[in-house]
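Here are the chains, one letter per residue:
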Amino acid sequence: MSDDLSGVWDGTYIQPGTGMVTFTATLIEAGGALSGSISEPCSNPHCPVRTHSASISGHRAGSVVSFVKRYEPPGYGFDTPQYDGIMNGEATEIDGRWRLPGASGSFLMIRSGKRAQASMTDDKAKQPAR
C-alpha cells in the first residue's frame, strides 16, 4: 500500500469532560499537502446541530502528519484545534495529540477498509482474463 494518505479514515479523539468522540475524515494528499473534511456528531446536549462538519488543511513530512481543523460554519463555541501525529509504516494509522490553548487530548485515525477493498478490486481488474 502506498503511503499516500488520500482516502477515508475513521477516527476518535478524547475530549476532556466529554470522553471519546468519533469522526470520519476524508483526506486528500498532494505533494505532502493535506486537505479534506471531517464529520463528527455533536457531543454537547445543547448543540443546535446533530453533526458538525469541518475542513482540514495541513501537511505530511515522512511519517509526521499535522493539520488544523476548522469547523464550518464557525461558532457553536468550537475553536480551531491543531492535530499532530505519527503515521505507522503501513500508512493505515495516525496516532497523536490535538491541542487548543489550555486543552489537549489524544487522537487515533485508522484508514477505512473501503480503500483497501477498492485497491484490491482495481488490482484484479488490471489482471488479464484467464
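Just so you know, these numbers come straight off a predicted model, no measurement behind them.

Calculation criteria
Residue positions within a chain follow its written sequence, with the count starting from 1. Given that the model is predicted, a residue must reach a pLDDT of at least 70 before its local features are reported, and side-chain atom pairs must reach 80 or more before they are shown or counted; all residues, however, enter totals for whole chains, interfaces and linings. The basis for every side-chain value is the complete set of non-hydrogen atoms in the structure, without hydrogens or water. Two aromatic rings from Phe, Tyr or Trp, using only the six-membered ring of Trp, form a pair when their centres are within 6.5 Å; if the ring planes differ by under 30 degrees the pair is stacked, by over 60 it is edge-to-face, and anything between is tilted. In DSSP terms, a helix is any run of H or I states spanning at least four residues, a strand is any run of E spanning at least two, and both are numbered starting from the N terminus. Buried, partly exposed and exposed residues are distinguished by accessible area as a fraction of the type maximum, computed with a 1.4 Å probe on protein chains only: under 20%, between the cut-offs, and over 50%, respectively. Think of it as a cone above the ring: NZ of Lys or CZ of Arg counts as a charge over the ring if it is within 6 Å of the ring centre and within 35 degrees of the ring normal. Salt bridge criterion: a side-chain nitrogen from Lys or Arg within 4 Å of a carboxyl oxygen from Asp or Glu. When DSSP finds two or more bridges between a pair of strands, those strands are recorded as paired. Definitions used for this entry: grid spacing 1 Å over protein atoms alone; cavity, a set of points where a 1.4 Å probe fits but cannot get out; pocket, an open set with protein on both sides within 12 Å along at least 5 of 7 lines; lining residue, one with an atom within 4 Å of a point. Grid points are joined across faces, edges and corners, and a volume is the space filled by probe spheres set on the points. Basically, the charged four are Asp, Glu, Lys and Arg, the nonpolar ten are Ala, Val, Leu, Ile, Met, Phe, Trp, Tyr, Cys and Pro, and anything else, Gly included, counts as polar.

Asker: Where do I start with the packing of aromatic side chains in this structure?
Answerer: We describe a pair of aromatic rings using the distance from one ring centre to the other and the angle between the two ring planes. Using the criterion set out here, one finds five aromatic pairs in the structure. For the ring pair Y13 and W98, a centre distance of 6.3 Å and an interplane angle of 75° mean the geometry is edge-to-face. Of this pair, Y13 sits in strand β1 (residues 7–15) while W98 is found in strand β7 (residues 93–100), placing the two residues 85 residues apart along the sequence. W98 matches Y13 in its accessibility class, with the two residues each being buried. Considering the side-chain rings of F67 and F107, the 6.4 Å spacing of their centres and the 70° angle between planes classify their relative orientation as edge-to-face. Of this pair, F67 sits in strand β5 (residues 64–72) while F107 is found in strand β8 (residues 103–111), placing the two residues 40 residues apart along the sequence. Using a relative accessible area of 2% as the deciding quantity, one classes F67 as buried. According to the relative accessible area criterion, F107 is buried, its value standing at 2%. Through a chain of ring-to-ring contacts, three or more aromatic side chains come together here, namely Y13, F23 and W98. The ring of F23 has K69 lying over it, and the distance from NZ or CZ to the ring centre is 6.0 Å.

Asker: I keep staring at the pattern of salt bridges and nothing clicks. Help me out?
Answerer: Once the charged atoms of two side chains with opposite charge are near each other, the side chains can pair. Under the criterion given, the structure shown has three salt bridges. The partner of E29 in a salt bridge is R60, with the nearest N and O atoms 2.9 Å apart. Placement of the pair is E29 in strand β2 (residues 19–30) and R60 in strand β4 (residues 51–61), with a sequence separation of 31 residues. By relative accessible area, E29 is classed as buried at 11%. Residue R60 is classed as buried on the basis of its relative accessible area, which comes to 15%.

Asker: I would appreciate a short explanation of the pairing of β4 in the present structure.
Answerer: Two faces belong to every sheet, and in a regular strand the side chains alternate between them. Where strand β3 (residues 33–41) lies against β4, nine bridges are found, and the strand directions are antiparallel. By the bridge assignment, L34 is partnered in β4 with G58. Pairing between β4 and β5: nine bridges, direction antiparallel. Counted as the bridge partner of A54 is Y71 from β5. Connecting β4 to the antiparallel partner β5 that follows it, the hairpin turn spans two residues, and G62 within it adopts a positive phi of roughly 65°.

Asker: Can you help me understand the layout of surface pockets in this one?
Answerer: One way to see where empty space is left: roll a probe the size of a water molecule over the atoms. Looking at the largest pocket, its volume works out to about 220 Å³. Elements that contribute at least two residues to the lining of the largest pocket include exactly β1, β5 and β7. Residue composition of the lining of the largest pocket, by class: nine nonpolar, two polar and two charged.

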